[in-house]
Amino acid sequence: MHPRLRTTAAALGALMLLGAAGCGDSSPGGGSGELDMGIAVANISLNFAHEMVLGAESAAHHAGKVNFKAVGPPNTDGPAEAQLFQNLTATARDGIVLENLDPPIFTRPAAQAVDKGIPLVALDTAPTDGSKITFYVGNDNYALGELMAKEALKRLGANPKGEIVIGVPNPGTPVLDNRAKGISDTFRKQAPGVKVLGPFQTYSDPGQNYSSWSSQVNAHPKALAFLGVGDADSYNLAKIKKAQHGKWLSAGFDVDPKTLEAVKDGSNFVTIDPQHFLKGYLSTAILIDSVRHQDGKLPEGWFLSPGGVVDSSNIDDIIARQKSATAAYDWYRPTIDKLLADQQAHIKPLKDAR
């Protein structure tokens, strides 16, 4: 493994399980009373959740006087997360950031929390209508899918002909489905000679994900590209490609250390970075500010958070960013300051979230 990729899972896991109690009053909001807050995530073991939690904890620390707790199941399990979320509402009464991969399961628990007066921010996955959550921080996932397709098309040359295979870990999850649709639509519009297959279910569990992609690669040995929309997709496709000496293109999402290694060594041509740390930071910073300075009244709508491409041109910069939460904050700070300085400019109608 490349030496700069050793942001160990153990270290990240420890940060996930520890509440980040803020110290000092160096940031806005630090002069007010102590707050009890938290974040619930869909899967405490995967990188996307680590990133969001690290961002949220960083924002809580910078605000000061925030007792902050992170919860999530060890595997993607909607009912288990829902129970953890309900338990969290008993202690994090000043506000909760909620990320999940199965929005309908959270409709009733979220509405009950709102009825109790707990401010809730939806993170990464748009809330359902009945949840009573009216503020959401997330990417334009359709646009991120378009971005992946365009990066692939740059490398397939003029008028490509053949098959591409798309995989989705959790079909029915809007975030992931929108990414897949962005990929499919872009190929259909810009490369009529390409046949789009899928999206097929690839599962979020790394072992199941590997088996699923192995089956797809074996079933479509002449495919031009295999493109996934989750983080396990990224590093498992790279692993399969290396083992089979594949000539096809492969790519996925997120910045798991194994994924960054695959971009660094050229196995994957890109990874699409939803910038989960940034979303975790923004959602928590806005939550804290609303409680301390707006009587708990959150903005309404979809706060659009950016994403980007990681490829050979910037991989070293991203690897350095991922070394620690401090390095990540330093890298994101200009963007954080810009987005928080003019929040309304980045808020769209919640119904437009995709």
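Before any of the text, the structure's been laid out above.
Residues numbered from 1 in each chain as written. Predicted model: local features only at pLDDT ≥ 70, side-chain atom pairs only at ≥ 80, totals over all residues. Heavy atoms only, no water.

A. Here's a closer look at the sheet that holds strand E8 (residues 225-228). The 6 strands lie next to each other as E7-E6-E8-E9-E10-E12, forming an open sheet whose pairing is mixed. A strand with exactly one partner marks an edge of an open sheet, and here the two such strands are strand E7 (194-201) and strand E12 (308-310). For this sheet the average axis-to-axis angle between neighbouring strands, irrespective of direction, equals 20 degrees. Inspection of the sheet shows strand E9 (residues 249-253) paired to strand E10 (residues 270-273) by 3 bridges, in the parallel sense. Opposite Gly-252, over in E10, you have Thr-271 as the bridge partner. Together, E10 and E12 form the strand contacts of helix H9 (residues 257-264), whose direction differs from that of E10 by roughly 140 degrees. (Pairing = 2+ DSSP bridges. Helix = DSSP H or I, 4+ residues; strand = E, 2+ residues; numbered from the N terminus. Axes fitted to C-alpha atoms, helices over the stretch in contact; angles between N-to-C directions. Contact = heavy atoms within 4.5 Å.)

B. Focus on unusual backbone geometry. Geometrically, the link from Gly-198 to Pro-199 is a cis peptide bond, its omega value of 15 degrees lying close to zero. Tracing the sequence through the fold places Pro-199 in strand E7. Within the chain, Asp-254 stands out as a residue other than glycine whose phi angle is a positive 80 degrees. We note that Gln-275 has phi near 55 degrees; this positive angle belongs to a residue other than glycine. Mapped onto the secondary structure, Gln-275 falls in the loop between E10 and helix H10 (276-293). Looking at Gln-275, the relative accessible area reads 10%, which means it is buried. (Buried < 20%, exposed > 50% of the residue type's maximum accessible area, 1.4 Å probe, protein only.)

C. Representation of H9 within the structure. Within H9 the residues assigned to the buried category are Pro-257, Thr-259, Leu-260, Ala-262 and Val-263. Each element contacted by the buried residues of H9 is listed here: helix H2 (47-63), helix H8 (231-244), E10, E12 and helix H11 (315-321). Capping the start of H9, Asp-256 holds a side-chain oxygen 2.8 Å from the backbone nitrogen of Lys-258, two or three residues further along. Looking one or two residues beyond H9, the residue adopting positive phi is Gly-266, at roughly 90 degrees. (Polar contact = N/O pair within 3.5 Å; in protein donor to acceptor, adjacent residues only side chain to side chain.)

D. The arrangement of the packing of H2 against H10 in detail. Running from N to C, H2 and H10 cross one another at 35 degrees; their axes reach a closest spacing of 7 Å. As H2 runs across H10, the sense of the crossing is right-handed. Here Phe-48, Glu-51, Met-52, Leu-54, Gly-55, Ala-56, Ser-58, Ala-59, Ala-60, His-62 and Ala-63 of H2 lie close against H10, whose contacting residues are His-276, Phe-277, Gly-280, Tyr-281, Thr-284, Ala-285, Ile-288 and Arg-292. Residues of the contact of H2 with H10, tallied by class, amount to 11 nonpolar, 6 polar and 2 charged. (Left-handed = near helix turned anticlockwise from the far one by under 90°. Nonpolar A, V, L, I, M, F, W, Y, C, P; charged D, E, K, R; others polar.)

E. The arrangement of the nonpolar core in detail. In this structure, Ile-39, Phe-135 and Phe-303 are the most contacted members of the largest nonpolar core, which totals 42 residues. Looking at this core, the elements that each hand over two or more residues are strand E1 (35-40), H2, strand E2 (66-71), strand E4 (120-123), strand E5 (135-138), H8, H10 and helix H12 (325-341). Per element, the largest residue contribution to this core is 9 residues, and it comes from H2. Contacts of Phe-303, omitting those with residues within four sequence positions, involve Phe-135, Tyr-136, Val-137, Gly-138, Leu-282, Ile-286, Leu-339, Gln-343, His-346 and Ile-347. (Core = buried A, V, L, I, M, F, W, Y, C linked by side-chain atoms within 4.5 Å.)

F. Quick look at the sheet that holds E1. As summarised here, the arrangement of the 7 strands in space is E2-E1-E3-E4-E5-E11-E13, forming an open sheet in which the pairing is mixed. Looking at which strands have only one partner, the edges of the open sheet turn out to be E2 and strand E13 (347-348). As paired strands, strand E11 (residues 301-304) and E13 are joined by 2 bridges and run antiparallel to one another. Across the sheet, residue Trp-302 finds its bridge partner in E13, namely Lys-348. On top of the sheet, H10 reaches E1, E2, strand E3 (95-98), E4, E5 and E11; it is set at about 150 degrees to E1, its chief contact.

From the geometry alone we can't say anything about function, so treat these as descriptive.
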